[in-house]
Amino acid sequence: MDPFELLFEQLLISQQGRRLSRHLLFEKHKRSVAHIITEQHNDIINASYTVTDSSPHSAKTPLDSLKRITLSELCLDTVHHGRVLVCRNIVKPFKMNAVQLIVEDPIVETGTGNSSATDSEVVADRLSLYNFVNFVGWRSDVSDCLPVGARLLIKEPYYKMAADKFPMVRCDNPGDVIILSNEQVDMPLLNGLKWSDALKISYGPVQAAKFESSTPDQLRFKGNEKVKHKEYASAIAIYTQALALEPNNAIVLSNRAQAHLELQQFRQALKDADLALTIEAGNIKTRFRQAKALYGMKRYQEAGGVLRDLLQANATNTGIQDTFRRTLERIVEQQFGRYKVLDVFQEARLTHPPRLDHADYVGPVHVVQVAGKGRGIVATQDVRPGTLLMCSKAYAIVFKEELAKVHIRHIDDLPMHKNYLSKTYLITKIAHRVQQEPWTTRELYDLYAGVDLPPFIDQNPEIEGSQIDMARIEGITLANCFKPDNDSWKPFAELMVTSEEDEVHNKLDGGAGLWILPSYINHSCVANAHPIIIGDLMFIRAFRDIAKDEEVCISYFPLSPYQERKERLQPRKFDCQCPLCEFERSEPAAKHTRRHQLLEDFGKLVPKIGTGSADMIPRVESIVSDLRKTYPSVIPPKTEGSRKKKKSPKVDLGTSILPQQFRLALINPLDHLGRLYLLHNHREQALQVFLELFGLMPRCGDMVQKRMGYALAISSEYEALGLLGTRNQWVDVSKKESELMYGEDEGEKVWAYKHSVRMA
Ligand SMILES: C[S@@+](CC[C@H](N)C(=O)[O-])C[C@H]1O[C@@H](n2cnc3c(N)ncnc32)[C@H](O)[C@@H]1O
């Protein structure tokens, strides 16, 4: 450390706990910027989010009712309810975990021509804007959005001691920060206030009251440059400055619409395109942008109308043709629930990350109150197995492949589950979406947020401004997120407890996503519906007949023995009342204990079974035999004699769900036994085991997927025995299960595709 730095450090330490002087504020700021530049963290996505307390502050009082407070009046460790801080940014801000600025108070004009303070006496302090998720990674300069001289209003500011033991003004909710535009300088709150001349001294001829002095054209070119470099947020900020000078500039409006489209801010894009078209109605580029915005907002019919008009005048434009074709496909999906599932699968394999362009569909279901469960979903008519109940695109999603670049940075004493990369990143993504699209806040905040948070009660159909309530977003995420997985379904329910566990889980972290309508579906171990996630789309189909007004349930985890299911539900704090749970609860406790013991013994054998040693066969057979004895009506295993007859048993499609059929503890050991038999060429025994396994698995939850696999394994064994008729019968059974999962039209196609992919 050079002598100057040492001296500086000592100075800081001696000042700890006290407000930093302007000079030290600037020094500290400069050092942080230098640190960011050296570390070059721009490509790392910082997934940290932060809440100040268990319930982070977000101001609810309207601005008009707030009274001004100055920096010098702020008290430590206090949220200043009913107050608003008027301040001005005096540095190029940077972003680490938060956007960091230095702000100063205005000067009060006394009316005598004198001011209440001289420039050098004006109080300045640090302002940290957390959860400003516009930018990912670290940025040494974010002055495009918060330029030097920008005037800010901070609603109900929180003044606290930062980790470095110096105070700062901290704001957790971006909705509490108002960046004043040039036009807003006349608001009553600013009456009698003026700003010091210090900026001119530090930054040369900066106009303290203006963002930048350029012509609209200069700003447009500058904005276009930002677009070229894909810096869309900055481009929007610059176009906005241009529009402040020339509000009816149709080109700038149209360009800003394009920048919004790039950021998927469709509503803003539409607003700009609509306005630009009132000025210049015939502009094809702007009309096309308008259509794209409508498409992005899932207003496919309207988008189709605009595109049809455009095509009449521009029949050969391939871009418009392609968007029109896609729009028609979306209309069929949205209105009739007709998806080309196989195409969706292939799209998911080819798109990285697989965020797919498809419509949402709401089938014959709606949300109602369900006794003892809060809200739930019921069928609005009788539905058949395989019927698509809904298809939903994730509100936000993090795929496994995106995690490599994600980084978690610890700020406060974060609870351990926040170390779980994908959940943490998902929470910041959700916050980002709320910030970008505040009109989606209501549908998000209406979701169940866990036992500790009361229902969201803001009655506004559209919540004004962005209300980033990180505690609520966190609660909603933890209560409702699923793990994405092509062709799988695993809901994501576990909570992290220890750091060692986090380590293990981080390695297994497969991403996380939040889907709005599916979040209303309650759990049943013997669920009648099942979600399949392809890319960021969740398809939910009925697996059995569901009567009108019957509740639609999915299983939140794979079907497993009672004890395991009970443990999986424990963090969710409810007891499942499904017929299977009730049946198993009614069994004598001794049976559960015995099964549990046998499964533990089996668990210890698994590593040895993995070696494939033939010695393991009698050991597993013995455990299976003992497990059978713990169930009431055990089907006797086939005798050697009956197997010799090579008669195929009747195909049981398992459509009835009787709790007594569930001999779940047998599944895993039998699966291993079947594989061991195959490995040692005891094919007939393997066949008997697969047949039994198929019979053990009723049509619910993950069992359907497994039934498809076992039916196929059975068909291979019959083929080996030369019983081709029976083989074909089992191939058909396997395809039938696929139809349940992917629909009658597409089930067989997907089945063929999946098996060819598996073999490739
Ligand atoms: C994904 S949400 C389902 C929708 C929720 N019921 C609501 O009102 O928004 C999960 C929460 O619903 C409740 N829940 C789900 N299944 C349940 C069941 N079988 N019995 C009781 N409560 C259940 C639990 O509170 C659970 O944490």
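Procedures and definitions
- Residues numbered from 1 in each chain as written.
- Predicted model: local features only at pLDDT ≥ 70, side-chain atom pairs only at ≥ 80, totals over all residues.
- Heavy atoms only, no water.
- Helix = DSSP H or I, 4+ residues; strand = E, 2+ residues; numbered from the N terminus.
- Buried < 20%, exposed > 50% of the residue type's maximum accessible area, 1.4 Å probe, protein only.
- Contact = heavy atoms within 4.5 Å.
- Pairing = 2+ DSSP bridges.
- Expected span 1.5 Å × (residues − 1).
- Salt bridge = Lys/Arg side-chain N within 4 Å of Asp/Glu carboxyl O.
- Axes fitted to C-alpha atoms, helices over the stretch in contact; angles between N-to-C directions.
- Parallel < 35°, antiparallel > 145°, perpendicular 65-115°, else oblique.
- Left-handed = near helix turned anticlockwise from the far one by under 90°.
- Nonpolar A, V, L, I, M, F, W, Y, C, P; charged D, E, K, R; others polar.
- UniProt positions renumbered as here; feature names shortened; annotations may be inferred.
- Near = heavy atom within 4 Å.
- Polar contact = N/O pair within 3.5 Å; in protein donor to acceptor, adjacent residues only side chain to side chain.
- Phe/Tyr/Trp six-rings, centres within 6.5 Å; stacked < 30°, edge-to-face > 60°.
- Lys NZ or Arg CZ within 6 Å of the ring centre and 35° of its normal.

Identification of the protein chain as SET domain-containing protein from Jimgerdemannia flammicorona is taken from an unreviewed UniProt entry.

1. What to know about the overall build of the protein chain
Looking only at helices and strands, the protein chain features 25 helices and 24 strands. Burial analysis of the protein chain (760 residues in total) assigns 53% to the buried set. In the protein chain, the share of contacts with a sequence separation of at least 24, taken over all contacts with a separation of at least 6, comes to 72%.

2. Some thoughts on the pairing of strand 10 (residues 158–161)
Here two bridges tie strand 3 (residues 78–79) to strand 10, and the two strands are oriented antiparallel to one another. Note on strand 10: the bridge partner recorded for Thr78 is Tyr159. In this structure, strand 10 lies alongside strand 11 (residues 167–171), joined through four bridges in antiparallel fashion. Across the sheet, the residue bridging to Tyr159 is Val169, located in strand 11. Remark: five residues form the turn of the hairpin made by strand 10 and strand 11, two consecutive strands paired antiparallel; Lys165 in that turn has positive phi of roughly 70°.

3. Details of helix 5 (residues 232–245)
The end-to-end C-alpha separation of helix 5 is 20 Å, in line with the 20 Å expected for 14 residues at 1.5 Å each. Counting buried positions over the 14 residues of helix 5 gives 10, a clear majority of the element. Listed in full, the buried residues belonging to helix 5 are Tyr232, Ser234, Ala235, Ile236, Ala237, Ile238, Tyr239, Gln241, Ala242 and Leu243. On its buried side, helix 5 packs onto helix 4 (216–228) and helix 6 (250–262).

4. Regarding the pattern of salt bridges
Applying the stated rule across the entire model yields 39 salt bridges. Two residues, Arg326 and Asp322, come together in a salt bridge whose shortest N-O distance is 3.5 Å. Linking Arg326 with Asp322, this pair stays in helix 10 (residues 318–336), spanning four residues, or about one helical turn. Note on Asp322: relative accessible area 32%, which makes it partly exposed. In this structure, Glu719 and Arg727 form a salt bridge, with 2.8 Å as the shortest nitrogen-oxygen distance. Look at Glu719 and you get partly exposed, because its relative accessible area is 42%. A single salt-bridge network, built from bridges that share partners, covers Asp322, Arg325, Arg326, Glu329, Arg330, Glu333 and Asp357.

5. Comments concerning the packing of helix 21 (residues 667–679) against helix 22 (residues 683–696)
The contact between helix 21 and helix 22 brings their axes to 8 Å, and the two run at 155°. As the angle between them shows, helix 21 and helix 22 are arranged roughly antiparallel. Read as a crossing pair, helix 21 and helix 22 show a hand that is left-handed. Contact residues: helix 21 offers Ile667, Leu670, Asp671, Leu673, Gly674, Tyr677 and Leu678, while helix 22 offers Arg683, Gln685, Ala686, Val689, Phe690, Glu692, Leu693 and Leu696. When grouped by side-chain class, the residues that make up the contact of helix 21 with helix 22 number 10 nonpolar, two polar and three charged.

6. Quick word on the UniProt feature "repeat: TPR" (unreviewed entry) in the protein chain
Residues annotated by UniProt as "repeat: TPR" (unreviewed entry) correspond here to residues 216–249. A distance of 9 Å separates the end C-alpha atoms of residues 216–249, which is 79% helix and 0% strand.

7. So, the sheet that holds strand 22 (residues 529–534)
Spatially, 14-17-23-22 is the arrangement adopted by the four strands of the open sheet, whose pairing is antiparallel. Among the strands making up the open sheet, the edge pair consists of strand 14 (361–362) and strand 22. Inspection of the sheet shows strand 22 paired to strand 23 (residues 537–542) by six bridges, in the antiparallel sense. Bridge pairing links Ile533 to Met538 in strand 23.

8. Quick look at the site of the ligand
Neighbouring the ligand are 15 residues; Lys373, Arg375, Asn480, Asn522 and His523 lie closest to it. A distance of 2.8 Å is found between a nitrogen atom of the ligand and a side-chain nitrogen or oxygen belonging to Asn522. Of all the secondary structure elements, the ones that give two or more residues to the shell around the ligand are strand 16 (374–379), helix 14 (470–480) and strand 21 (522–523). Tallied by class, the residues present in the shell around the ligand amount to six nonpolar, six polar and three charged.

9. Observations regarding the packing of aromatic side chains
For any two aromatic rings, the description comes down to two numbers: the centre-to-centre distance and the angle of the planes. Enumeration over the complete set of coordinates arrives at eight aromatic pairs. Here Phe345 and Tyr753 contribute two aromatic rings whose centre-to-centre distance is 6.2 Å and whose plane-to-plane angle is 45°, an arrangement assigned as tilted. Placement of the pair is Phe345 in helix 11 (residues 341–350) and Tyr753 in helix 25 (residues 747–759), with a sequence separation of 408 residues. Taken as a pair, Phe345 and Tyr753 share a single burial class, namely buried. Joined through ring pairs, the aromatic side chains of Phe345, Tyr742 and Tyr753 make up one cluster. Above the face of the Tyr395 ring, Arg433 is positioned so that its terminal group lies 4.4 Å from the ring centre. When the ring centre of Tyr631 is taken as origin, the NZ or CZ atom of Arg595, which lies over that ring, is 4.0 Å away.

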